[in-house]
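Understanding the architecture of this molecule
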Amino acid sequence: MSDLNCGSGGGATTYPQLRIASVFIILIGSMSGALFPVLATRSSWLHVPKAVFDFAKYFGSGVIIATAFIHLLSPAIQELTSPCLSPAWQEYPYPLALALLSVFSIFIVELVAFRWGTAKLAALGLSHDAHGHGLGALAAHGPEGGIPNDDSTPEKSKEDLESAHDHKHLDLGATGQIIGVFILEFGVLLHSMLIGLTLAVDPNFKILFVVIVFHQSFEGLGVGTRLAHLQLPPRYNYVAICGALLYGITTPLGIAIGLGVQSTYNPNSTTASIVSGVLDSLSAGILLYTGLVELLAHEFIFNKEMINGSNGRVAYALSCMLFGCGIMALLGRWA
């Protein structure tokens, strides 16, 4: 306890050149992981086999779930039980309560959004399929594979889409997908910014730096794959690219800010512990909801390709997901 510093200052200043270089190294790693899947799906000259995309998609789902538990919820518990905080913080499991609040907040927001969207679709004479299974429906959660409904035909689908276009209404299916990915990215971006701030002033810089390079690259692959699988009209193509770019610059931006306040920012201070703990708890809830509901449930339980697919296909998807989860959980040993 004698080495505990709960005040301002205290940020490490060792390896100044390497800390500055980390801004650009992590920028390259994060940007590559997030942009590659997005650009690969939109480039005629870059042909990536579907098996590679499937691997990246399921691997990324595992990464996101492990991030929620190991890299967000666990640090939040440590931060909000820090000895620098008042004893009142020890009297209730605030990190778990905040994560719970986040889960239900995201659920309620999404429920309201999709009820509103369904009402708008009904006004246009279109049907809404929340799981994206119907051929004529506008999928809310992205591609999952599907089969036509008995009362759905290609001609009816075409008429529905033309009707929506003629009325010049916003494509609500695209809006639903964008909302889902925005929720995921919001949680990841909060986490990435805090990682950058911590890396800039952490005394164990070398170990943390190596781990974060892999961490951000794997997480970027998970986010980029979700962005790449968005089925959006051409006018919304910029959404996926902007999302990947935003992810790529967040951690380097956090490092740059941390370096700028290196002499005054102490990640173990009372204020920093509270802010980081609260944000990590909320981000953990966001990623838990997204990972378990939007990714696991909609990729496996509500996915016709998985329900009707071979045991080998399901086993491969599960193996990819568990591999991503295991790698990300292992990185939690050092960061």
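Keep in mind it's a predicted model, so treat the numbers as computed, not measured. (Residues numbered from 1 in each chain as written. Predicted model: local features only at pLDDT ≥ 70, side-chain atom pairs only at ≥ 80, totals over all residues. Heavy atoms only, no water.)

Focus: the overall build of the protein
Tallying secondary structure elements over the protein gives ten helices and two strands in all. Every one of the 335 residues in the protein was classed for burial, and the buried ones make up 47%. Accessible surface, the protein: about 16200 Å² in total, of which carbon and sulfur atoms supply 69%. (Helix = DSSP H or I, 4+ residues; strand = E, 2+ residues; numbered from the N terminus. Buried < 20%, exposed > 50% of the residue type's maximum accessible area, 1.4 Å probe, protein only. Areas by Shrake-Rupley, 256 points an atom, 1.4 Å probe, with all protein chains shown as cover.)

Here's the deal with the packing of aromatic side chains
According to the stated counting rule, one finds ten aromatic pairs in the structure shown. On the basis of an interplanar angle of 55 degrees and a centroid distance of 5.6 Å, the ring pair of phenylalanine 59 and phenylalanine 323 is categorised as tilted. Taken as a pair, phenylalanine 59 in helix 2 (residues 50-80) and phenylalanine 323 in helix 10 (residues 311-331) lie far apart in primary sequence, 264 residues in all. Take phenylalanine 323: its relative accessible area is 45%, and that puts it in the partly exposed class. Ring geometry for phenylalanine 214 versus phenylalanine 218: centroids 6.3 Å apart, planes at 40 degrees, classification tilted. Of this pair, phenylalanine 214 and phenylalanine 218 both sit in helix 6 (residues 205-228), four residues apart, which is roughly one turn of that helix. (Phe/Tyr/Trp six-rings, centres within 6.5 Å; stacked < 30°, edge-to-face > 60°.)

Regarding the nonpolar core
By size, the foremost hydrophobic cluster in this structure holds 31 residues, and its most contacted members are Val38, Val188, Leu227, Ala244 and Leu287. Listing elements by their share of this core, those giving two or more residues are helix 1 (16-42), helix 2, helix 3 (94-123), helix 5 (172-201), helix 6, helix 7 (237-260) and helix 8 (270-301). Top contributing element to this core by residue count: helix 8, with six residues. Discounting residues that sit within four places of it in the chain, valine 188 has contacts with Glu219, Val223, Tyr247 and Leu287. Leu194, Ile195, Phe205 and Tyr265 belong to the second-largest nonpolar core, a separate cluster that totals 15 residues. (Core = buried A, V, L, I, M, F, W, Y, C linked by side-chain atoms within 4.5 Å. Contact = heavy atoms within 4.5 Å.)

Things to note about the packing of helix 1 against helix 7
Look at helix 1 against helix 7: their axes get within 9 Å of each other, and the N-to-C directions meet at 170 degrees. Taken together, helix 1 and helix 7 sit at an angle that is classed as roughly antiparallel. Residues belonging to the contact of helix 1 with helix 7 are distributed by class as follows: 18 nonpolar, five polar and two charged. (Axes fitted to C-alpha atoms, helices over the stretch in contact; angles between N-to-C directions. Parallel < 35°, antiparallel > 145°, perpendicular 65-115°, else oblique. Nonpolar A, V, L, I, M, F, W, Y, C, P; charged D, E, K, R; others polar.)

Details of the side chain of serine 283
By the secondary structure assignment, serine 283 is in helix 8. Judged by relative accessible area, which is 0%, serine 283 ranks as buried. In this structure the side chain of serine 283 is engaged in a polar contact, spanning 2.9 Å, whose partner is the backbone oxygen of leucine 279. Look past the residues within four positions of serine 283 in its chain and what remains in contact with it is Leu72, Gly187, Leu190 and His191. (Polar contact = N/O pair within 3.5 Å; in protein donor to acceptor, adjacent residues only side chain to side chain.)

Side note on the packing of helix 2 against helix 10
The relative placement of two packed helices is expressed as an angle between their axes plus a distance between the axes. Between helix 2 and helix 10, the least distance of the axes is 7 Å, while the angle of their chain directions is 40 degrees. In this view, helix 2 runs oblique relative to helix 10, as classed from their interaxial angle. Handedness of the helix 2/helix 10 crossing: right-handed. Counted by class, the contact of helix 2 with helix 10 contains 16 nonpolar, five polar and three charged residues. (Left-handed = near helix turned anticlockwise from the far one by under 90°.)

Some remarks on the environment of valine 278
With respect to the helices, strands and loops of the structure, valine 278 is situated in helix 8. Here valine 278 falls in the partly exposed class, since its relative accessible area comes to 24%. For valine 278 and leucine 98, which are 180 residues apart along the polypeptide, the C-alpha to C-alpha distance reads 7.1 Å. Beyond its immediate chain neighbours, meaning those up to four positions away, valine 278 contacts Leu80 and Leu98.

Quick notes on helix 7
A rise of 1.5 Å per residue sets the reference length of helix 7, with its 24 residues, at 34 Å; its end C-alpha atoms lie 35 Å apart and thus fit the reference within 8%. At threonine 250, helix 7 shows its strongest bend, of approximately 30 degrees, with the proline proline 252 following within four residues. Among all positions of helix 7, only Val239, Ala240, Gly243, Ala244, Tyr247, Gly248, Thr250, Thr251, Pro252, Gly254, Ile255 and Gly258 are buried. (Expected span 1.5 Å × (residues − 1). Bend = angle between axes of the 7 residues up to and from the residue.)

Structural notes on helix 2
With 31 residues, helix 2 ought to run about 45 Å at 1.5 Å a step, and its terminal C-alpha atoms sit 43 Å apart, in line with that. Of all the bends in helix 2, the largest measures some 40 degrees and sits at threonine 67.

Quick word on the pattern of salt bridges
Per the stated rule, a full pass over the model turns up four salt bridges. In this structure, aspartate 54 and lysine 50 form a salt bridge, with 2.9 Å as the shortest nitrogen-oxygen distance. Of the two residues, aspartate 54 and lysine 50 both sit in helix 2, four residues apart, roughly one turn of that helix. Look at aspartate 54 and you get buried, because its relative accessible area is 11%. Through salt bridges with shared partners, one network takes in Lys57, Arg226 and Glu299. (Salt bridge = Lys/Arg side-chain N within 4 Å of Asp/Glu carboxyl O.)

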